[in-house]
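Structural characterization, general
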Amino acid sequence: MKLIPLGPGFAAEVRGAGMADIAASSDAYGEVRAAFEEHSVLVFRQQPITDELQVAFSRRFGPLEIAKAASRGEGTPFSILTNVEPDGTLVPPGHKEELRARANQLWHTDSCFKTPPALASVLSGRTVATTGGETEFTSMRLAWERLPEDLRRKLDTAYAWHDYAHSRGKITPHLASERERTTMPPVSWRMRWRNPVNGRDALYIASHTCGIDGMGREEALQLIAELTTLATQPEHVYQHRWQAGDVIMWDNRATMHRGRPWPMDQPRYMIRTTIMATDADGLAAMWPERSAA
Ligand code: OGA
Ligand code: MN
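Small disclaimer: the values here were computed from a predicted structure and weren't measured.

**A short note on the sheet that holds strand S3 (residues 41-44)**
Pairing within the open sheet is mixed, and its seven strands lie in the order S1-S2-S3-S13-S5-S15-S4. Among the strands making up the open sheet, the edge pair consists of strand S1 (2-5) and strand S4 (79-82). Each strand of the sheet is rotated relative to its neighbour by a mean of 25°, with strand direction disregarded. Pairing between strand S5 (residues 118-127) and strand S15 (residues 269-276): eight bridges, direction antiparallel. Paired with Ala120 across the strands is Ile275, a residue of S15.

Take a look at the structure:
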């Protein structure tokens, strides 16, 4: 296996081992798992993607999330991100899937609004846009390391709240349905996630972050906006231009990502599987009160 560096201080392309090798072999898995812990974003090209292979590969890393209420793919391990209707036609302007795509274009980490939150996401490009539709990543470890010392010390023991309805509300007030709100109430996690393998800390915030314990709402939202800006300056971003057959895996503990717009008259069809974090991934320390209970 060979790693080709891609981004500014993180992200690498994996060559010489594909999803099928990793699904089939513990040794290949061990090598890729180590690369994942180190590089935070792994790109696999020209993969023979099928739903079964994506699940078998993802399952190696831990238990899979079941897609959330009211989403395409609900009740299965597949989150479907697309502007294509099940009958093959493109969604009309203003359709819910288009609004969802716009919400995905806000910098975020996946599933910080869930319990447990996500360790990793695996996104496969089934039909990719020919212009636009890139996915961008930033390292929240490097962002953490760039923080002024006094702010880092303050955030080291801080807890933030995450709410799916909060990020959807930035696009349009009722994008999160009643059912989504009741099945996914706000949750709180520590604002830094320490990787138990290498001890490196990462800032844990997202578009979903709606408050910080002990801080007024406006002040907290202001700080979250400033932290997001600091983390996502263009020179710190890796932009991936998709080719069909690409698969990207990222560490939701240590990165943020966003989709980029594409012309809505072009089909784009992406399938994500999401791996839940466990205590072995450093989750226990994210809410010590909870793990002690
Ligand atoms: C995701 C996501 C962005 C994109 O799959 O979690 O945010 O470019 N995707 O589709
Ligand atoms: Mn996402």
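**Some remarks on the coordination of the manganese ion (ligand 2)**
Every protein donor of the manganese ion (ligand 2) is accounted for by His108 (NE2), Asp110 (OD) and His257 (NE2), and the metal-donor separations fall at 2.1 to 2.2 Å. Motif for the manganese ion (ligand 2), donor spacing along one chain: H-x1-D-x146-H. Taken together, the residues span a long stretch of sequence, with His108 in the loop between helix H4 (96-104) and S5 and His257 in strand S14 (residues 255-259) at a distance of 149 residues. Like His257, His108 is buried.

**Focus on empty space enclosed by the protein**
Going through the model one piece at a time under the given rule, you end up with two cavities of 30 Å³ or more. When its volume is computed, the largest cavity comes out at roughly 560 Å³. Around the largest cavity, the lining comprises 37 residues; the ones closest to its centre are Lys68, Leu81, Asn104, Arg168 and Arg272. Elements supplying a minimum of two residues to the lining of the largest cavity: S4, H4, helix H7 (164-169), S14 and S15.

**Some details on helix H3 (residues 51-59)**
For H3, the complete set of buried residues consists of Leu53, Gln54, Phe57 and Ser58. Angularly, the buried residues of H3 cover 125° about the axis, an arc narrow enough to put them on a single face. Close packing links the buried residues of H3 with helix H1 (19-24), S3, S5, strand S13 (247-251) and S15.

**Overview of the packing of aromatic side chains**
For the structure shown, the criterion picks out nine aromatic pairs. Seen from their ring centres, Trp189 and Trp287 are 6.2 Å apart, and the 90° between their planes marks the pair as edge-to-face. Of the two residues, Trp189 sits in strand S8 (residues 187-190) while Trp287 sits in the loop between S15 and helix H10 (288-292), which places them 98 residues apart along the sequence. The class of Trp189 is buried, set by a relative accessible area of 1%. Given the relative accessible area of 24%, Trp287 is considered partly exposed. For the pair Trp193 and Tyr204, a centre-to-centre distance of 5.1 Å together with 80° between the ring planes defines the contact as edge-to-face.

**Re the site of ligand 1**
Leu81, Asn104, His108, Asp110, Leu123, Glu134, Thr135, Trp250, His257, Gly259, Arg268 and Arg272 make up every residue found near ligand 1. Within the side chain of Thr135, one N or O atom sits 2.7 Å away from an oxygen atom of ligand 1. In this structure, an oxygen atom belonging to ligand 1 sits 2.8 Å away from a side-chain N or O atom of Arg268. Within the complex, the protein chains bury 99% of what would otherwise be the 290 Å² of accessible surface of ligand 1. Of all the cavities here, the one that holds ligand 1 is the largest cavity. Looking at the shell around ligand 1, its residues break down into three nonpolar, five polar and four charged.

What counts, and where the lines are drawn
- The residue numbering used here restarts from 1 in each chain and proceeds along that chain's sequence as written.
- Naming scheme: in the order in which they are written, chains are lettered from A and ligands are numbered from 1.
- Thresholds applied to this predicted model are a pLDDT of at least 70 for local features of residues and 80 or more for the giving and counting of side-chain atom pairs; totals over whole chains, interfaces and linings are not thresholded and use all residues.
- The side-chain figures draw on all heavy atoms in the structure; neither hydrogens nor water molecules are used.
- Pairs of strands are assigned from DSSP output, requiring at least two bridges between the strands.
- Going along the chain from the N terminus, every DSSP run of H or I of four or more residues is numbered as a helix, and every run of E of two or more is numbered as a strand.
- Lines are fitted to the C-alpha atoms to define the axes, a helix being fitted only along its stretch in contact, and any angle between axes, read from their N-to-C directions, falls within 0 to 180 degrees.
- Only nitrogen, oxygen and sulfur atoms within 2.8 Å of the metal, or 3.2 Å for Na, K and Ca, are treated as donors, and water is left out, so sites may look incomplete.
- Throughout this description, buried means an accessible area under 20% of the type-specific maximum (1.4 Å probe, protein chains only), exposed means over 50%, and partly exposed covers the range between.
- Method remark: on a 1 Å grid restricted to protein atoms, a set of points is classed as a cavity if a 1.4 Å probe fits but cannot get out and as a pocket if it is open with protein on both sides within 12 Å along at least five of seven lines; lining residues have an atom within 4 Å of a point.
- Grid points are joined across faces, edges and corners, and a volume is the space filled by probe spheres set on the points.
- Each C-beta atom gives one direction from the helix axis, and the arc is the one those directions make.
- Contacts are assigned to residue pairs that have any heavy atoms within 4.5 Å of one another.
- By convention, a stacked pair of Phe, Tyr or Trp rings (six-membered ring in the case of Trp) has centres within 6.5 Å and planes under 30 degrees apart, an edge-to-face pair has planes over 60 apart, and any other such pair is tilted.
- What makes a residue near a molecule or strand is one non-hydrogen atom of that residue sitting within 4 Å of it.
- Here a polar contact is taken to be a pair of N or O atoms separated by no more than 3.5 Å, where protein atoms must pair a possible hydrogen donor with a possible acceptor and residues adjacent in sequence count only if both atoms sit in side chains.
- Per-residue accessibility takes into account occlusion by the displayed protein chains alone, with areas from the Shrake-Rupley method and a 1.4 Å probe.
- If over half the atoms of a molecule are within 2 Å of the grid points of a cavity or pocket, the molecule is regarded as sitting in it.
- Residues are grouped as follows: Ala, Val, Leu, Ile, Met, Phe, Trp, Tyr, Cys and Pro are nonpolar; Asp, Glu, Lys and Arg are charged; all remaining types, including Gly, are polar.

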